[in-house]
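Listed below, chain by chain, are the residues.
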Amino acid sequence: MAGILVFSDRTNLALEILTAAGVIGGTAKVLVINNDEQAQALSDAGADVYKLSNDDISLADVGQVAEVLKEAAEKLNADIILLSSNRRGKELAGRLAQKIGAGCLTDVSAINVNGDKIECQRNALGGATVATQYINGDKKVIAVSPRSFAPFAGSGGSINEIDITIPASTVKVLEVKPKAADTVDIAAAEKLVIVGQGLNSKDDIPMIEELAAKIGAEVACSKPVATDKKWFSEEHVVGLSGKICKPELAIILGVSGQVQFTVGIRDAKVIAAVNTDENATINTMADYVLTADLHEVVKEMNEILG
Amino acid sequence: MNVVVAMKQIPDLQQIRIKNRQPVFDDVPLTFGSIDKNALEAGVNLKENGLADKVIVLSAGNEDLEDTIKEALAAGADEAFLILGDDLNGAESSVIAQVLTAGIKQIEDVGLILFGEGSGDNYSGQVGSRVAEILGWPQVGYAGAVKVEGNKAVVTRVLEDAEEVVEVSLPAVITVVSGINEARIPSVTQILKAGKKPKEIVEEDELDEINKDALITTVSNLAPESDRKRVVVKSTAELVDKLKSENMI
């Protein structure tokens, strides 16, 4: 069976990819670049870690990291490289695939081995469809979507050193600005109250937040509410180029339901949709449909829920 | 220096219908992905600020592209470089990356190639990275801001939990996020004038050494099955009751 190399800058995502590697089978080795804490955490979870310590490497230099992964894959006899489909991982995936002549699939949400084929599922046509695809040839780069697999938990891990020399990065990092403290992780939320362009005004946001607080939900939005109206930051966006969310409950207010949006919420367990248009697309993918003005409904819900 | 903006011709996603779980493309017009339009806007902004000489839109697709490209020329691109081939619409990332790179090599004085972070339809995000690798250029993905200073670019890469400001030497490949700007909507006059802007058209088979081996096989591409209850409730109180009965609130 082919060797598998796993890499992600994020420990939690590396653990999820290790589970994906288990689905594929074969022996997975994890590369950790300049991160002792990650090496320890992954080894504790039962992974065979290959730790690379080299200050010439900068994660900001995608070309250089791709070269490092290529060499690591050669040294560790891996034909399949699994990455995380977060932004770092996705940017790296294409470059690495081109470098090693591999086919590549990103945003992979499920993997099923069918004979000698590793069938991967990913959204296509802006989320209108789900494509099942596999990579031809021995060399494969697969970037796995966050939260698609449970974190790996095993035993008998190890930490090994790996040595790769490479010219120093030419990409200079001038500044790293952590995002503001109000950052939410809507992809991890159990419940979401999601607003769309049906929301009249920024002044209506407090009552939405009040509703969310009453039911223990986070507030999220459709893309135009963040990028055009700028009422919310980008972290709140549900959809193809935002977050793919799988909450227990999604209350969707004033969203028409274009596929680029619905792809981010269709895996919710229960969906309630409130929209003034009884023919809104969102109603076709809801468990409970209320045709009404969202502002009135939110006020009433806040009263009922005390 | 010139800025090349690579854009992908895709079906208008709003107009795709699903029949028996299959997407139906009949009469669906072609357009460019929305994030591609942000990449174009970023390029035009550089030119308007005196940081680029020309903005050249680069695209590969079937012959309909000659018409679709007007949208980009109307929105501020100076010229178009088109690579036409019947099988280029929906061709896989590895092929498109080679085709676009062959085009870039025919364009003079390219300092920057801009892409959207992902196409509107497949959103795979590979082509920009693959082009950077073929050219051996540095790249910065997910740019929320791009400044050109002499022969360097200072780019803000927007990650999930942080923003990283990096400096790269030019030429370079940059992919942008939609939040970088609001793409302009061209006026009628601009659309009419767009037809007169210069277009260079190359047939795909005039390009050398494109390896068209399929690296990806698609087994199926179907709309997901939905088994929602679709219960219509009449009042807020009824909605609350339903959600309570499911132990959701």
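Predicted, not measured: the structure shown is a model, and the values here were computed from it.

**A short note on the overall build of chain B**
Summing up its helical and strand segments, chain B has seven helices and 15 strands in all. The principal-axis extents of the C-alpha atoms in chain B amount to approximately 65 × 40 × 40 Å. Every one of the 249 residues in chain B was classed for burial, and the buried ones make up 49%. Across chain B, contacts joining residues at least 24 apart in sequence account for 69% of those joining residues at least 6 apart.

**Overview of the overall build of chain A**
Regarding its fold elements, chain A presents eight helices and 16 strands. Against the globule reference of 19 Å for 306 residues, chain A gives a C-alpha radius of gyration of 22 Å, in line with a compact fold. In terms of overall dimensions, chain A has a C-alpha envelope of 65 × 45 × 35 Å along the principal axes. In chain A, of all internal contacts separated by at least 6 residues, the share reaching a separation of at least 24 is 64%.

**What about the interface of chain A and chain B?**
Across the boundary between the two partners, chain A contributes 71 residues, which contact 70 residues of chain B. Grouping the constituent residues of the side of chain A that touches chain B by class yields 34 nonpolar, 19 polar and 18 charged. Here strand β16 (residues 288–291) of chain A pairs with strand β15 (residues 231–233) of chain B via three bridges, running parallel. Considered in β15(B), the bridge of A:V289 is made with B:V232.

**Focus: the sheet that holds strand β14 (residues 249–253) of chain A**
Pairing is parallel in the open sheet, where six strands are placed in the order β13(A)-β12(A)-β14(A)-β15(A)-β16(A)-β15(B). One side of each edge strand has no neighbouring strand; the edge strands of this open sheet are β13 (218–221) of chain A together with β15 of chain B. Each neighbouring strand pair of the sheet contributes to a mean axis angle of 20 degrees, computed without reference to strand direction. Contacts from helix α5 (residues 205–215) of chain A reach β12 (191–195) and β13 of chain A, with the element oriented near 165 degrees to β12(A).

**A short note on the domain arrangement of chain A**
Residues and elements named next belong to chain A. According to the domain assignment, chain A consists of domain 1 (3–162) and domain 2 (186–304). Each partner contributes to the interface: domain 1 provides seven residues, whereas domain 2 provides eight residues. Taken together, the residues of the side of domain 1 that touches domain 2 break down into two nonpolar, four polar and one charged.

**A look at unusual backbone geometry**
Residues and elements named next belong to chain B. A cis amide bond links L170 with the next residue in sequence, P171, at an omega value of 0 degrees. Looking at the secondary structure, you find P171 in the loop between β11 (162–169) and β12 (172–176). Positive phi is not limited to glycine here, since D27 has a value of about 60 degrees. Looking at D27, the number of C-beta atoms within 10 Å reads 7, which means it is exposed.

**Focus: the packing of α5(A) against helix α8 (residues 294–304) of chain A**
Residue and element names in this part refer to chain A. Orientation of α5 relative to α8, taken along the N-to-C sense of each, is 40 degrees, at an axis distance of 10 Å. Classified by the interaxial angle, the pair formed by α5 and α8 is oblique. Two packed elements cross with a definite hand, and for α5 against α8 that hand is left-handed. Counted together, M207, I208, E210, L211 and K214 of α5 and V298, K299, M301 and N302 of α8 form the full contact between these two elements. Of the residues in the contact of α5 with α8, the class split is five nonpolar, one polar and three charged.

**Some words on the environment of A:T129**
For A:T129, the position within the fold is in strand β8 (residues 129–135). Accessibility expressed as a C-beta count within 10 Å gives 22 for A:T129, which makes it buried. Sequence spacing of A:T129 and A:E218 is 89 residues, and the spatial spacing of their C-alpha atoms is 27 Å. Here A:T129 is in contact with A:A124, B:P23, B:N221, B:L222 and B:A223, once residues within four sequence places are set aside.

**Let's talk about helix α3 (residues 62–75) of chain A**
Think of an α-helix as turning once every 3.6 residues; residues three or four places apart then point the same way. Residues and elements named next belong to chain A. With 14 residues, α3 extends 20 Å between its outermost C-alpha atoms, agreeing within 8% with the 20 Å of an ideal straight helix rising 1.5 Å per residue. Along α3, the residues classified as buried are V62, G63, Q64, V65, A66, V68, L69, A72 and A73. In the segment just after α3, N77 is the residue with positive phi, at about 55 degrees.

**Some details on the pairing of strand β15 (residues 270–275) of chain A**
Residue and element names in this part refer to chain A. With six of six residues buried, β15 lies mostly within the body of the structure. Burial of the side chains of β15 extends over both faces: V270, A272 and V274 are buried on one face and I271, A273 and N275 on the other. As defined by bridge partners, β14 adjoins β15 across five bridges and the pair is classed as parallel. When the bridges of β15 are listed, L253 appears paired with V274. Relative to β16, β15 runs parallel, the two being bridged by four bridges. Bridge pairing in β16 links V274 to L290.

**Description of the pairing of strand β2 (residues 28–33) of chain A**
All names here are of chain A. With respect to burial, β2 is a largely interior element, six of its six residues being buried. Of the two faces of β2, the one carrying A28, V30 and V32 and the one carrying K29, L31 and I33 are both buried. Taken together, the three bridges between strand β1 (residues 3–7) and β2 define a ladder with parallel strand orientation. Note that in β2 the partner of L5 across the bridge is K29. Handedness of the crossover joining β1 and β2 through helix α1 (residues 11–24) is recorded here as right-handed.

**Examining the environment of A:K75**
All names here are of chain A. Along the chain, K75 turns up in helix α3. Classification of K75 by C-beta neighbours within 10 Å gives partly exposed; the count is 15. A sequence separation of 60 residues divides K75 from L15, and the C-alpha atoms of the two residues are 22 Å apart.

**A few points about the packing of α3(A) against helix α4 (residues 87–100) of chain A**
Residue and element names in this part refer to chain A. The N-to-C vectors of α3 and α4 enclose an angle of 55 degrees; their axes lie 9 Å apart at closest approach. In terms of their interaxial angle, α3 and α4 are classed as oblique. Taken as a pair, α3 and α4 cross one another with a handedness that is right-handed. The segment α3 lies against α4, with V62, G63, V65, A66, E67, L69 and K70 engaging E91, L92, R95, L96, K99 and I100. Taken together, the residues that form the contact of α3 with α4 break down as seven nonpolar, one polar and five charged.

Cut-offs applied
- Residues numbered from 1 in each chain as written.
- Chains lettered and ligands numbered in written order.
- Predicted model: local features only at pLDDT ≥ 70, side-chain atom pairs only at ≥ 80, totals over all residues.
- Helix = DSSP H or I, 4+ residues; strand = E, 2+ residues; numbered from the N terminus.
- Buried ≥ 20, exposed ≤ 12 C-beta atoms within 10 Å, placed from the backbone.
- Contact = placed C-beta atoms within 7 Å.
- Rg over C-alpha atoms; globule rule 2.2 N^0.38 Å.
- Nonpolar A, V, L, I, M, F, W, Y, C, P; charged D, E, K, R; others polar.
- Pairing = 2+ DSSP bridges.
- Axes fitted to C-alpha atoms, helices over the stretch in contact; angles between N-to-C directions.
- Domains from an automatic or database assignment.
- Parallel < 35°, antiparallel > 145°, perpendicular 65-115°, else oblique.
- Left-handed = near helix turned anticlockwise from the far one by under 90°.
- Expected span 1.5 Å × (residues − 1).
- Right-handed = clockwise from strand over helix to strand, strands pointing away.

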